[in-house]
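Architecture at a glance
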Amino acid sequence: MNLPLTLISLLLLFTSTTAETSDDPHPNFPCQPPHHSSYPFCNLSLSTTNRALSLVSLLTLPEKISQLSNTAASVPRLGIPPYEWWSESLHGLADNGPGVSFNGSISSATSFPQVIVSAASFNRTLWRGIGSAVAVEGRAMYNGGQAGLTYWAPNINVFRDPRWGRGQETPGEDLRGFQEVKSSGDSGGDEKLMLSACCKHFTAYDLEKWGNFTRYDFNAVVTEQDMEDTYQPPFQSCIRDGKASCLMCSYNAVNGVPACAREDLLQKARVEWGFKGYITSDCDAVATIFDYQGYTNSAEEAVADAIKAGVDINCGTYMVRHTQAAIDKGKVSEEQIDRALLNLFAVQLRLGLFDGNPREGRYAKLGSSDICSSSHRELALEAARQGIVLLKNDHKLLPLRKNHVSSLAIIGPIANNISKLLGYVKKTSYASGCSDVACDSATGFGEAVAIAKGADFVIVVAGLDLTQETEDKDRVGLSLPGKQRDLVSSVAAVSETGGQALAEILFGDFNPGGRLPMTWYPESFTEVAMSDMNMRADSSRGYPGRTYRFYTGPQVYGFGTGLSYTTFEYKILSAPTRLGLSELVPQSSHKKVLLQNGEEQLRYLQLDDLEVNSCESLRFGVRFSVSNMGEMDGSHVLMLYSRMPQVLSGVPEKQLIGFERVHVRSNQMVEAEFVIDPCKHLSVANDVGKRVIPLGVHDLVLGDLQHSLSLEF
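Worth saying up front: this structure is predicted, and the values here are computed from it rather than measured.

Before going further, it helps to examine the nonpolar core. If you look at the biggest cluster of nonpolar residues, it comprises 112 residues, and the most contacted ones within it are Trp-152, Leu-247 and Phe-354. Looking at this core element by element, the count peaks at eight residues for helix H5 (residues 124–143). Residues in contact with Phe-354, not counting those within four places in the same chain, are Pro-30, Cys-31, Phe-41, Cys-42, Leu-44, Arg-51, Leu-55, Ile-80, Phe-345, Gln-348 and Leu-349. Grouped together as the second largest cluster of nonpolar side chains are 30 residues, Leu-618, Ile-657, Val-662 and Ile-676 included.

Printed below as a string of structure tokens:
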């Protein structure tokens, strides 16, 4: 999905040092006068590269090696304090990484909805606001000595399998469409950073613990076609469009080689995608190269392979413990260590860590009053409102009419926050029904059924929490945990029918407009091996494919599903019907293109055959009108898909090429336009991983509307 500076790129506006609480949160800082401010790396008039080169040249080999851990050691003789690289900020600053601490004058930070919820809003403006708020709070925490400046988020792996324990951390199952908005600044790696964010986990990582596989030893077997148009695009956009300053390689192997030892992939990020930043391993992922995967014969070889592949820092101590021996045995050179340090120090320099007293820096005025501010709390509430997805509304039961509801029963093991509903209903009762989310016992059903009998309406809040799916824990099935389904049935049999955002939806104070950012699969999907990384369906072996782009099996709800309390209608205002591509191919290449594959009829064009920069001239606009035909104002997500001609194997069923959330008043109309880049939106990878544009009729689909566009050569 196109997460912009996106939900992805905007989350890139966001590490990590924990400082002891004192009157001065930064009593020690690099380049502190009078003894340590005259080094060349403290000279603000020099380029970032020259400052980093100067710093590396002053370090001894043991000092260099001590920097190769997330807990980088101090260099007292140069006045450099220790630094903690690992902090977390998935949906707000969090202390599940050692770099953020709430044990000080700042005891909490704004918690935004989980990423999958914010993604369901399909609202770039909202994502931009969340990213900016997290950035402000991160700098304010740093100023207070309770955080650093390097955050290991966002998680941009594709939500390929519904059992994955970390799917809720991601923007969903199609990250291509969420990455269109570019950040400002040049691509030379010299621009300043407010905070540093890290795109993870590179690459083809989405299995924690399933069957006999764990994330530490799993070998993801990925076709060139799937690598090019599913697994790599999120990272390519995160780097090219989001200007990410960190990339994290994953635990798993990719086609037999550990991800952190895949020099071809890591260097592709730097050379082809223009990555300017540092590469970190996931925690102890360098150790797994030898200890779990047995890819090397020793710890020293594992360290050497990772460093030579392009890893700059190891989360953990493995590099610190084994790099000297690797050098002594000739497995890796000091010059290769220097390259890693240049990448690390360049990011710290861009963050201003070597610019003198933080109290006098660019963001020095940010403080505790900028954390959990009323505007940030309101933004978190708005994100929850916009991310709620209404999937079913039989007989138009919702919204409930406040003056027709005198009593309400709230039931479910995760429904214990009823305070926000008290203002809507005079009498509200609560019963958990289950002692916890696992719901292994029906002993609480009696109380739940009793309060349900006495209420005008019943709300059952059922589902999952992090005890059921999380890092290092995948789900086994797709049904509700334990006896939760029995609880729902028991309550439903006796009745006629969280939080503030949910209450506003139920009672019609807010019109739902969210859309599912993933496919809702049936329980039968668990028969598909989670270890099968193929995206495309294969009927010869009964394989249904994955995600809305390729899945051909039954589904409970489709990607993009979401109801409203009102009705919207579309009209196409303008769109081309034909696009000629001949002029975009150099005349000298026409014969080569026409003889492609030895076929008489040309089926597709390879992007490699097009003139340099010609894709920009291919862009075209598609304008629509959106009318609200109902009696209630509401926001609506326009989702434009393309269906390609089936002229080569592996063409998607459809793919999202544009989206926009618009607010339309009752009985009013607004206009919207999508700008389509055929090289990006109407292309697909062929079976050898080359980007091609299929020739023939492409259908552009918006709701029930369909417009045909012929691409011709």
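This part is about the environment of Thr-150. Within the secondary structure, Thr-150 sits in strand E3 (residues 150–151). On the basis of relative accessibility, which here comes to 0%, the residue Thr-150 falls in the buried class. For the pair formed by Thr-150 and Gly-172, sequence separation is 22 residues and the distance between their alpha carbons is 24 Å. Engagement of the side chain of Thr-150 in a polar contact is seen with the side chain of Tyr-83, the distance being 2.8 Å.

Tallied over the full model, the rule gives 37 salt bridges. Between Asp-229 and Arg-549 there is a salt bridge, with the nearest N and O atoms lying 3.8 Å from each other. With respect to burial, Asp-229 and Arg-549 carry one shared label: buried. Arg-270 serves as the salt-bridge partner of Asp-312, at 3.0 Å between the closest nitrogen and oxygen. In this pair, Asp-312 sits in the loop between helix H10 (299–309) and helix H11 (318–328) while Arg-270 sits in helix H8 (residues 263–271), placing the two residues 42 residues apart along the sequence. Each member of the pair Asp-312 and Arg-270 is classed as buried. Among the charged side chains, a salt-bridge network with shared partners connects Arg-166, Glu-169, Glu-208, Arg-215, Glu-471 and Asp-472.

This part takes up the state of the cysteines. Following the criterion strictly, the structure yields seven disulfides and no others. There is a disulfide in this structure between Cys-434 and Cys-439, and the S-S distance comes to 1.9 Å. Its S-S torsion of about -40° marks the bond between Cys-434 and Cys-439 as left-handed, since a negative value means left-handed. Take Cys-439: its relative accessible area is 1%, and that puts it in the buried class.

Following the UniProt record, the feature "domain: Fibronectin type III-like" (unreviewed entry) maps to residues 636–706 here. Its end C-alpha atoms 19 Å apart, residues 636–706 is made of 6% helix and 58% strand.

Of note, Asn-343 is situated in helix H12 (residues 334–350). With relative accessibility at 17%, the residue Asn-343 sits in the buried group. Polar side-chain contacts of Asn-343 include one of 3.1 Å to the side chain of Asp-312. Beyond its immediate sequence surroundings of up to four residues, Asn-343 is in contact with Arg-270, Gly-277, Tyr-278 and Asp-312.

With that out of the way, let us pick up the environment of Asp-305. Mapped onto the secondary structure, Asp-305 falls in helix H10. Taking the C-alpha atoms as reference, Asp-305 lies 12 Å from Gly-330; in sequence the two are 25 residues apart. Those residues within four positions of Asp-305 in sequence are excluded, and the remaining contacts are Cys-260, Ala-261, Tyr-295 and Thr-296.

Attention shifts here to the sheet that holds strand E13 (residues 427–431). The strand order across the open sheet built from three strands is E13-E12-E14, with neighbouring strands paired in parallel fashion. One side of each edge strand has no neighbouring strand; the edge strands of this open sheet are E13 and strand E14 (457–460). Here the average twist between neighbouring strands, direction ignored, is 20°. Here strand E12 (residues 407–411) runs beside E14; their pairing, made up of four bridges, is parallel. Each bridged residue has a counterpart across the sheet, and for Leu-408 the counterpart in E14 is Phe-457.

With that out of the way, let us pick up the pairing of strand E8 (residues 246–249). Both faces of E8 are covered, namely the face carrying Cys-246 and Met-248 and the face carrying Leu-247 and Cys-249. Here strand E4 (residues 196–202) pairs with E8 via three bridges, running parallel. Among the inter-strand pairings, Cys-199 is bridged to a residue of E8, identified as Leu-247. Both E8 and strand E11 (residues 278–281) contribute to a ladder of four bridges, which runs parallel. Directly across from Cys-246, in E11, lies its bridge partner Tyr-278.

As a further point, take the side chain of His-698. Along the chain, the position of His-698 falls in strand E24 (residues 696–702). In terms of polar contacts, His-698 uses its side chain to reach the backbone carbonyl oxygen of Pro-694, at 2.7 Å. Beyond its immediate stretch of four places on either side in the chain, His-698 contacts Arg-643, Met-644, Pro-645, Leu-682, His-707, Ser-708, Leu-709 and Leu-711.

Parameters at a glance
- Residues numbered from 1 in each chain as written.
- Predicted model: local features only at pLDDT ≥ 70, side-chain atom pairs only at ≥ 80, totals over all residues.
- Heavy atoms only, no water.
- Core = buried A, V, L, I, M, F, W, Y, C linked by side-chain atoms within 4.5 Å.
- Buried < 20%, exposed > 50% of the residue type's maximum accessible area, 1.4 Å probe, protein only.
- Helix = DSSP H or I, 4+ residues; strand = E, 2+ residues; numbered from the N terminus.
- Contact = heavy atoms within 4.5 Å.
- Polar contact = N/O pair within 3.5 Å; in protein donor to acceptor, adjacent residues only side chain to side chain.
- Salt bridge = Lys/Arg side-chain N within 4 Å of Asp/Glu carboxyl O.
- Disulfide = S-S within 2.5 Å.
- UniProt positions renumbered as here; feature names shortened; annotations may be inferred.
- Pairing = 2+ DSSP bridges.
- Axes fitted to C-alpha atoms, helices over the stretch in contact; angles between N-to-C directions.

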